Amino acid sequence: MSYYVKRIAQTIVVFLSTVTVTFGMYRLMPFGPVEQMKSQLQSEYQKSGQSLSRAQIEQINQQVETLTNIQPDAPLFQQYLSYMEGVLLHADFGTSIVLQEPVFEVLFEAMPWSVFISVYGLALGTTISLLLGAIMAYKEGSSFDTGLTVVSTLTQTVPYYIVAILVLIVFAFQLEWLPTGGKMTPGTAPGLNWPFIAGVVEHAALPVLSSFVAGFGGALAYRGNCVREMGKGYLRLARLRGLSQGRIAIRYVGRNALLPIYTTLMLGVASVFGSSIILEQIFNYRAMGFVTFNALLDRDYPLLMGAFIFFSAITLLGILVADLTYGIIDPRVEGGANRESY
Amino acid sequence: MSRTDSPANDTETDGGSPVEDDLFTRTSRVTDSSRTNRLRHALDAHVYAPLAVAVEDTRTLIGGTIVAGFVLMATVGVVLVEPPQTMEGPIFQQPFRTLEYPLGTGGLGKDLFAQVVHSAPSMLKMILAGALLSTGIGTLIGTVAGYKGGRLDTALMGFTDLVLTIPGLALIVVLAAIYRPEDPVLVGLILGIDNWPRLSRTIRSQVLSIREEAFTEASRIMGLSEATLLRKDVISNLMPYISINFANSARRIIFESVALYFLGILPFTTLNWGVMLNEAYENISLTDPTKLYVILVPMVAIIVLSLGFILASQGLDRVFNVQLRARHARTVASDEPKSEAGD
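As the structure is a prediction and not an experimental result, all values here were calculated from the model.

Student: Run through the overall build of chain A, naming residues and quoting values.
Tutor: Scanning chain A for helices and strands turns up 13 helices and zero strands. Each helix and strand of chain A, ordered N terminal to C terminal, gives the series α-α-α-α-α-α-α-α-α-α-α-α-α. The burial tally for chain A puts 48% of its 342 residues in the buried class. Counting only contacts in chain A whose residues sit at least 6 apart along the sequence, the fraction spanning at least 24 positions is 70%. A total of about 16,700 Å² of accessible surface is found on chain A, and carbon and sulfur atoms cover 64% of it.

Below you can see the structure in the form of structure tokens.
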């Protein structure tokens, strides 16, 4: 019990530190966004009038504050506190400079699309590669095993964006089976109607396929672990006890072989958003990655900062789930606090 | 050491027949080894045996050859092949037609083969810098955290989580945008920052299992020093894992750097396969099948090199396998006949 509380508290601390580091980067960068915006507004005012009055300076600061959620003239510590307060209590990340919309809404709208394509691709890839890895281990040395070993080694050598470009060339440009970009068929109304759903599926097919092929390599790692596990003595005992083959395969071999790669799998969930920047760029898929990349190119710092915090929160959640469920997979290491420290 | 190592067994010094060699009558049989002997032994154990294991396996052989070829390309190749120049040849010369432009030329008439070769040095520097940094830090933090446990573990893993949660690619993009790293070594180091937390987390979870094993417990009870224990019991057991991860992080560095150059985020200061990919993607129409080779050339280069690293890493797994190595060593007698070597 105390372990879980500790672990959750730790996650909150890490999250706050991440936001702090991001804030530091955001605020202390040479020619950071706040200064940039301020000088830009100042020069605009200066064009019309002669010198700035106190009221005008006040007005500029006001404008910068609404855009970035940071009051430029306040001491750094106070800026930090008010930013954190905005983020944590009011989910207020400021306003996007380019889009002129609240950052939270922009991101919240883009989020489901990213989750859709990346998690779907990853879940599909993980499930199938675990299954195939187990089968390969059980048929060790067969031509099925050898063939799939070669295939999954080859898929590991190809980066997902190269897969993306290749499937784009083949299925979209040459065969013209699938759309070349976008996330829905233009002219369809979002909602539960067939043309819209069909369009969404059609547009997601290539991105999902690319991340599926890229995530396929896990099969080999799982195969290796299964093979190693199958040589162990306790399995002979299990067979002597008359346990069914299925129970041995799933509860004994499967579970123990999963342990070493479990963290990697959970981290995979967390890292899907990193790859989405490139994937969404190639497929012109307007979701989180696309928004983040454009924010970078436009130097739209409030939006960029918001995207950073979103990414971090999701990654942390993935790791937390991995740690909290670790004890279920491997009871030996249950509760890091219970371990002796040497 | 086996019995055959000591010839003094046949006759005792008093001329009588030897006492039956059992546990209780046995005395020290370690022969005084001269320096050359020891050197030969060390060479055999650390150079010859690993090489023998490596050469025997086809995967290792291919992987090693690819990586060695790449290193040759980055060192000797750049001297032999002239640097690519704009309009040195015809535009869109198809590949495999002339010996002068073996891989053809792109839209600017630049020799694609020369571009591939002259990209190698910057790729090599990037890979080395990044993979060394991330494997080193990842192993160190993962081992210490997993083994020591307690507060140190919490602190180190907290730090790892912190770095891990800062979105790597986005962070790199921002860093690249501010500092515009031009030196490939610097690019590699920046990419390495993003790579180590994963490794240290996975290493830690491995160490968590190893620390519960009987042999570490035994060493602990024997009172071996912590450094020895970490080195001999923990790290040596993790060695295959670390070597695989070195190759994997080399692959990740290739993938990520190419992605960044492909997106046009890093400045195009050195020739690089990512730069080639970007130029091809921007300049040719993907609907024209006759020009697709321009984009395929850098792709093939990337894929072949990462194949080399993967195969080499699989081979390293076998090289670090103690039993396999012992079977190949000449100075270490083995329980199994040599003819059975290789599986």
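Student: Before we move on, could you go through the overall build of chain B and cite the residues and values that matter?
Tutor: Along the backbone of chain B there are eleven helices and zero strands. Reading the helices (α) and strands (β) of chain B from amino to carboxyl end gives α-α-α-α-α-α-α-α-α-α-α. Classification of the 343 residues of chain B by burial places 48% in the buried group. Put simply, of all contacts in chain B between residues at least 6 apart along the chain, 68% involve residues at least 24 apart. When the accessible surface of chain B is summed, it comes to about 17,100 Å², and 61% of that surface belongs to carbon and sulfur atoms.

Student: Could you give me a rundown of the environment of Val294 of chain B, with the residues and numbers involved?
Tutor: All names here are of chain B. Within the secondary structure, Val294 is located in helix H10 (residues 293–319). Judged by its relative accessible area of 7%, Val294 falls in the buried class. As a C-alpha pair, Val294 and Ser122 span 172 residues in sequence and 21 Å in three-dimensional space. Apart from the residues lying within four places of it in its own chain, the contact partners of Val294 are Phe92, Thr105, Gly106, Leu112, Ala280 and Ile284.

Student: Account for a nonpolar patch on the surface, with residues named and values stated.
Tutor: Residues and elements named next belong to chain A. A grouping of Ile8, Ile12, Leu16, Leu88 and Leu89 is seen on the molecular surface, where their side chains present a nonpolar patch of about 460 Å² in accessible area. Elements with a contribution of two residues or more to the nonpolar patch: helix H1 (2–28) and helix H4 (76–90). Looking at which element gives the most residues to the nonpolar patch, the answer is H1, with three residues. Mapping Ile8 onto the fold places it in helix H1.

Student: Talk me through the packing of aromatic side chains; I want residue IDs and the actual numbers.
Tutor: A full pass over the atoms with the stated rule returns nine aromatic pairs over all chains. Plain terms: the ring middles of Phe104 of chain A and Phe108 of chain A are 5.5 Å apart, the flat faces sit at 15° to each other, and that makes the pair stacked. Placement of the pair is Phe104 of chain A and Phe108 of chain A together in helix H5 (residues 103–138), with a separation of four residues, close to one helical turn. Phe108 of chain A gets classed as exposed once you look at its relative accessible area, which sits at 53%. Among the aromatic residues, those joined into a cluster by ring pairs are Tyr160 and Tyr161 of chain A together with Phe262 and Tyr281 of chain B.

Student: Describe in detail the environment of Leu316 of chain B, supporting the description with residues and values.
Tutor: Residue and element names in this part refer to chain B. With respect to the secondary-structure elements, Leu316 resides in helix H10. Look at Leu316 and you get partly exposed, because its relative accessible area is 31%. Once the C-alpha coordinates of Leu316 and Ala247 are considered, the two residues, 69 residues apart in sequence, prove to be 9.4 Å apart.

Student: Account for the side chain of Thr11 of chain A, with residues named and values stated.
Tutor: Here Thr11 of chain A shows up in helix H1. Those residues in contact with Thr11 of chain A, other than ones at most four positions away along the chain, are Leu316 and Leu320 of chain A.

Student: Can you tell me about the confidence of the model for chain B, naming the residues and giving the values?
Tutor: All names here are of chain B. On average, chain B scores 75 in pLDDT, and the residues at 70 or more come to 77%. Confidence, expressed as mean pLDDT per element, reaches its minimum in chain B at helix H11 (residues 322–328) with 63 and its maximum at helix H3 (residues 112–148) with 87. Here residues 1–9 scores under 50 on pLDDT; set against residues more than four positions off or in separate chains, the count is eight contacts. Considering only residues more than four positions removed or in separate chains, one finds that residues 333–343, a stretch of pLDDT under 50, has 16 contacts. Note on the complex model: pTM 0.73, ipTM 0.71.

Student: Tell me about the interface of chain A and chain B, and please be specific about residues and values.
Tutor: With 53 residues of chain A at the contact, the number on the chain B side is 59 residues. Together, the buried faces of chain A and chain B total about 4,800 Å²; carbon and sulfur atoms form 71% of this surface. Applying the counting criterion to the chain A and chain B interface returns zero salt bridges. When residues of the side of chain A that touches chain B are traced back to their parent elements, those giving at least two are H1, helix H6 (143–157), helix H7 (160–174), helix H11 (245–282), helix H12 (288–298) and helix H13 (301–329) of chain A. If you tally residues by element for the side of chain A that touches chain B, the top one is H11 of chain A, at twelve residues. A class-by-class count of the residues in the side of chain A that touches chain B yields 31 nonpolar, 16 polar and six charged.

Student: Describe the pattern of salt bridges, with residues and values.
Tutor: A full pass over the atoms with the stated rule returns three salt bridges over all chains. Note that Arg223 of chain A and Asp145 of chain A form a salt bridge whose closest N and O atoms lie 2.8 Å from each other. Here Arg223 of chain A is found in helix H9 (residues 218–230), whereas its partner Asp145 of chain A is found in helix H6, with 78 residues between them in sequence. Given the relative accessible area of 3%, Asp145 of chain A is considered buried. Salt-bridge contacts for Glu256 of chain B lead to Arg252 of chain B; the nearest nitrogen and oxygen are separated by 3.5 Å.

Student: So what's going on with empty space enclosed by the protein? Which residues, and what values?
Tutor: On inspection of all chains with the given rule, the structure shows two cavities of 30 Å³ or more. Put simply, the second largest cavity is a space of about 30 Å³. Its residues assigned to classes, the lining of the second largest cavity comprises three nonpolar, three polar and no charged.

Student: Give a detailed account of the packing of H3 of chain B against helix H8 (residues 226–263) of chain B, specifying residues and quantitative values.
Tutor: Residue and element names in this part refer to chain B. Packing of H3 against H8 brings their axes to within 7 Å, and their N-to-C directions diverge by 140°. It follows from the interaxial angle that H3 and H8 lie oblique. Handedness of the crossing formed by H3 with H8: right-handed. Counted by class, the contact of H3 with H8 contains 17 nonpolar, seven polar and two charged residues.

Student: Which residues make up H4 of chain A, and what are the values?
Tutor: Residue and element names in this part refer to chain A. Helix length check: H4, at 15 residues, gives a terminal C-alpha distance of 20 Å against a target of 21 Å (1.5 Å per residue), a fit within 8%. All of the buried residues along H4 are Gln79, Tyr80, Tyr83, Met84, Gly86 and Val87. For H4, the arc enclosing every buried residue in end-on projection is 155°, short of the 170-degree limit, so these residues lie on one face. Turned more than 90 degrees from where H4 packs its buried face, Phe77, Leu89 and His90 sit exposed. One or two residues past the end of H4 sits Ala91, with phi positive at roughly 50°.

Procedures and definitions
- Residues numbered from 1 in each chain as written.
- Chains lettered and ligands numbered in written order.
- Predicted model: local features only at pLDDT ≥ 70, side-chain atom pairs only at ≥ 80, totals over all residues.
- Heavy atoms only, no water.
- Helix = DSSP H or I, 4+ residues; strand = E, 2+ residues; numbered from the N terminus.
- Buried < 20%, exposed > 50% of the residue type's maximum accessible area, 1.4 Å probe, protein only.
- Contact = heavy atoms within 4.5 Å.
- Areas by Shrake-Rupley, 256 points an atom, 1.4 Å probe, with all protein chains shown as cover.
- Patch = residues over 30% accessible without salt bridge, like charges linked within 9 Å, V, L, I, M, F, W, Y side chains within 5 Å.
- Salt bridge = Lys/Arg side-chain N within 4 Å of Asp/Glu carboxyl O.
- Phe/Tyr/Trp six-rings, centres within 6.5 Å; stacked < 30°, edge-to-face > 60°.
- pLDDT = per-residue confidence, 0-100.
- Buried area = accessible area lost by both parts, 1.4 Å probe.
- Nonpolar A, V, L, I, M, F, W, Y, C, P; charged D, E, K, R; others polar.
- 1 Å grid on protein atoms, 1.4 Å probe; cavity = no way out; pocket = protein on both sides within 12 Å on 5 of 7 lines; lining within 4 Å.
- Points joined across faces, edges and corners; volume = space filled by probe spheres on them.
- Axes fitted to C-alpha atoms, helices over the stretch in contact; angles between N-to-C directions.
- Parallel < 35°, antiparallel > 145°, perpendicular 65-115°, else oblique.
- Left-handed = near helix turned anticlockwise from the far one by under 90°.
- Expected span 1.5 Å × (residues − 1).
- Arc of directions from axis to C-beta.

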